[in-house]
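Next come the chains, spelled out residue by residue.
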Amino acid sequence: MVYDNIVLIGFMGSGKTSVGKTLARKLYKDFVDVDSVIEKEQGCSITEIFETKGEEYFRSLEQKCINELTKKKGQIIATGGGVPIHSSISDKSLIVYIDADFDVIVERLPARERAKRPLFDDEERARALYEERKDTYRKLATFSVDANQVIPTFIHVIVDYVLDQRVL
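One numbering rule holds for all chains: residues counted from 1, following each sequence as written. Per-residue local features of the predicted model are confined to residues with pLDDT of at least 70, and side-chain atom pairs are confined, for both listing and counting, to 80 or more; whole-chain, interface and lining totals are unaffected and use all residues. Hydrogens and water molecules were not included; the side-chain quantities draw on all heavy atoms of the structure.

A. Spatial organisation of the overall build of the chain. Runs of E in the DSSP output that reach at least two residues are strands. Runs of H or I that reach at least four are helices, and both are numbered from the N terminus. Along its length, the chain carries eight helices and five strands. Atoms counted for the radius of gyration: C-alpha only. Globule rule: 2.2 Å times the number of residues to the power 0.38. In summary, the chain has a C-alpha radius of gyration of 15 Å against a globular reference of 15 Å for 168 residues, a match within 12%. Overall size of the chain, expressed as C-alpha extent along the three principal axes, is 45 × 35 × 25 Å. Burial classes: relative accessible area under 20% of the type maximum marks a residue as buried, over 50% as exposed, and values in between as partly exposed (1.4 Å probe, protein chains only). For the chain, the residues scored as buried account for 49% of the 168 residues in total. Only heavy atoms enter the contact rule, under which two residues are in contact if any of them lie within 4.5 Å. Within the chain, contacts between residues at least 6 apart in sequence are counted, and of these 74% link residues at least 24 apart. Exposure was quantified through the Shrake-Rupley algorithm and a 1.4 Å probe, taking into account, for residues, occlusion by the shown protein chains and nothing else. Carbon and sulfur atoms make up 48% of the accessible area of the chain, which totals about 8,800 Å².

B. Focus on the sheet that holds strand β1 (residues 5-9). Paired strands, as defined in this entry, are two strands with at least two bridges between them according to DSSP. Pairing is parallel in the open sheet, where five strands are placed in the order β2-β3-β1-β4-β5. Edge strands, defined here as strands with exactly one partner in the open sheet, are β2 (30-33) and β5 (143-146). Strand after strand, the sheet turns through a mean of 20° between neighbouring axes, direction not considered. By the bridge criterion, four bridges tie β2 to strand β3 (residues 75-78) in an arrangement that is parallel. Residue pairing for β3: V32 is matched across the bridge by I77. Every axis in this analysis is a line fitted to C-alpha atoms, fitted for helices over the stretch in contact. Angles between the N-to-C directions lie between 0 and 180 degrees.

In structure tokens, the structure reads:
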């Protein structure tokens, strides 16, 4: 099957944006980050949206954004960590799960980046959320990549999959 877009899913801080930018360059595709689009449209950060309008409002913006983005073809789309849990993704998209262990995510994520993620305020709560979501990510993914290895290695695995399978 040939897919319209590649949609990256995974827990917050797993590297979807960093991986997506590199993947887009290597595959000569456009890169779009759902959180960045929402922040630009709303004129404030995701944290501010959570604080002022709540998670439910943010999730509705997220779904609307994904619906709009997936109308276009040939993109690498990085989603927020809650997307496959709270939103649906077009079945015309290759869904790649960036599968990193929670401890690896914490180790890679600088404190200033963690501060931008409202659900990461309480690390134990974030760990519980990770445990709760990981099976859903696996189930929804077309392809999962072990993101516990060095980032260039697993980006190479994704590129090989896309090119070998001729899915985009």
